[in-house]
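# Tertiary structure, described
What follows is the residue order along each chain.
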Amino acid sequence: MWWDERVSARFRRNLQPTLTYWSVFFSFGLCIAFLGPTLLDLRCQTQSSLSQITWVFFSQQFCLLLGSCLGGVFKRTLAQSLLALFASSLAISLVFAIIPLCHHVLLLAVVMAVAGLAMGCIDTISNMQLVKIYQKDSAIFLQALHFFVGFGALLSPLIADPFLSDTNCILANGTNASSNLPHIRKELLPPRPGNLSRLELPTEGLVVTRVSYAFWIMALINLPVPIAVFFLLYKERMVPCLSGSSHPLLSADELALETRPGDKDELSTAAQRPHTAAGHEDLFSCCQSKNFQGASFTYFAVHITGALVLFMTDGIVGEYSGFVYSYAVEEPLAVVHKVAGYLPSLFWGFITLGRLISIPVSYRMKPATMVFINVVGVLITFLLLLIFSSSVVFLFVGTASLGLFLSSTFPSMLAYTEDILQYKGCATTVLVTGAGIGEMVLQLLVGSIIHDRGSYSFLVCGMIFGCLAFTFYALLVFFHRMYPKPSPGKRAPAPSPALGWEREQHEP
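Here is what the cut-offs are and how they apply
Residues numbered from 1 in each chain as written. Predicted model: local features only at pLDDT ≥ 70, side-chain atom pairs only at ≥ 80, totals over all residues. Heavy atoms only, no water. Helix = DSSP H or I, 4+ residues; strand = E, 2+ residues; numbered from the N terminus. Expected span 1.5 Å × (residues − 1). Buried < 20%, exposed > 50% of the residue type's maximum accessible area, 1.4 Å probe, protein only. Contact = heavy atoms within 4.5 Å. Polar contact = N/O pair within 3.5 Å; in protein donor to acceptor, adjacent residues only side chain to side chain. Phe/Tyr/Trp six-rings, centres within 6.5 Å; stacked < 30°, edge-to-face > 60°. Axes fitted to C-alpha atoms, helices over the stretch in contact; angles between N-to-C directions. Left-handed = near helix turned anticlockwise from the far one by under 90°. Nonpolar A, V, L, I, M, F, W, Y, C, P; charged D, E, K, R; others polar. Bend = angle between axes of the 7 residues up to and from the residue.

Between the first and last C-alpha of helix α19 (residues 392-407) there are 23 Å, a value that for 16 residues agrees with the 22 Å anticipated at 1.5 Å per step. Among all positions in α19, only F394, L395, G398, T399, A400, L402, G403, L406 and S407 are buried. On its buried side, α19 packs onto α15 (297-329), α17 (342-364), α18 (367-387) and α20 (409-420). Looking at where α19 begins, the residue whose side-chain oxygen comes 3.1 Å from the main-chain nitrogen of F394 is S391.

Okay, structure coming up:
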């Protein structure tokens, strides 16, 4: 096997929770990618204008960011985390089932806001729990976690595609049934309300969309996920109505069996630490002044620079997947619309492939090295895209390359930053929040710049963001060298104090 027996033993001991967290992230991916392709059919269903329906994007993205900030609130005990994941994954299934019943755009926006909150909670809690369980070995499991996001993001458009309307889905007098809706649909990714005035489609008439079937299929596909979380709750005796007792998935004693003998005394000490010493707080707890007492400058610098790297790289993912189609169909490339439509799929496909490849690679390569390769690769790819900006072939090659380099950035950065902070800071919450803000803000910023400056600014923006990501990464490495090292007698960081807290809570 390409990992050692110690990691394998830890994985076997935590098989059910690990698979559960991976499946929950599949829900996240399933929910994040369906809105763009189905937006025109949802416009018909709600009989709203294009400029109105595109604000549903904002509703989802804003609440996803809010959910990421709030997700850490539910980490105080393992029972709270699992109950929050159960509620969130169940909410996503309910959202898919309810969307076909939303015949007003405001109601649809509210439903998508609920989905965004659920996705944000899933994002924060799943990352936190895997880091808690695997600590120094978390990189490989985080790579697998984010592979399932890409898998879900690829699957949902494929499910929706057979049910999308090829002609106007609201038939009114004078409607041109041969309108090129696939072309218009691609222009809506991500929302650009200021550019939609020329895309005139009827808002009243006979609705002929079949997109409801796609959402009901996705609801059924997602249903096993909350069931899996419920089984984990039941196994750990954490279902409130069935048992009042609970215990951690992996006790400190069990964890000590998987570590080197020199670490056992440290683990025993860690189990007695109070809960107030635990890391991975929610964003609001992280900002409390009591957490700043005695903290060095580098403590804050590591959090900030790590978040800024993901602000840029996740922002690039959002803006590139959203605008590469629009860039391709305009001059000077003027790619045929149907051919250009493959670019976003190619980008997400190579992100998913890259995350799959990163699972074994992350075991052999340090997270810091992987992040360096990623940010340098992104920078070089954008530079070559600018140099060969008139080549359609290289646009496809560059899109695939960019997807590969961006694929493992988030889990590698999370593992690297948590390792620097010795699993005691607020890295997971801060990094997830920074990535969410970047994805939302850079999409809106690039959309506005393209509208004012033309399509070539799309690549220029990407190059600038790539340079900033590399700069912030260099600063992170600099602050890492300045950050206080563990005492010489400690060869590995202690397990999360939260595990010790769970144990104390349930001992007589």
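Enumeration over the complete set of coordinates arrives at 26 aromatic pairs. With a centroid separation of 5.4 Å and an interplanar angle of 15°, the aromatic rings of F25 and F28 are classed as stacked. Taken together, the positions of F25 and F28, both in helix α2 (residues 15-32) and three residues apart, correspond to about one turn of that helix. Neither F25 nor F28 differs from the other in exposure class; each is buried. An aromatic cluster is built from F11, W22, F26, Y134, F141, F147, F148 and F151, whose rings are joined through pairwise contacts.

Before going further, it helps to examine the packing of helix α7 (residues 105-134) against helix α21 (residues 427-453). Two elements in contact, α7 and α21, have axes separated by 10 Å at closest approach and are oriented at 145°. In terms of crossing hand, the pair formed by α7 and α21 is right-handed. Packed against α7, whose contacting residues are D123, T124, N127, M128 and V131, the element α21 presents T428, T429 and V432 at the interface. Classifying every residue of the contact of α7 with α21 by side-chain character gives three nonpolar, four polar and one charged.

Another point: α17. An ideal rise of 1.5 Å per residue puts 33 Å on 23 residues; α17 measures up with 33 Å between its terminal C-alpha atoms. Approximately 40° is the largest bend angle found in α17, and it occurs at S358, with the proline P360 only one to four residues beyond. Taken residue by residue, α17 has L343, P344, F347, I351, T352, G354, R355, S358, I359 and S362 as its buried positions. Buried residues along α17 sit in contact with α8 (138-160), α15, α16 (337-340), α18 and α19.

Turning to unusual backbone geometry, a few remarks are in order. Glycine aside, negative phi is the norm for most residues, and most peptide bonds take the trans geometry. Following E331, the chain continues to P332 via a peptide bond in cis, the omega torsion being 10°. On the secondary structure map, P332 appears in the loop between α15 and α16. Unusually for a residue other than glycine, Q47 sits at a positive phi of about 50°. Assignment of secondary structure puts Q47 in the loop between α3 (35-46) and α4 (50-53). Owing to a relative accessible area of 39%, Q47 belongs among the partly exposed residues under this scheme. Even without a glycine there, the phi angle at A334 is positive, about 50°. For A334, a relative accessible area of 39% puts it in the partly exposed group.

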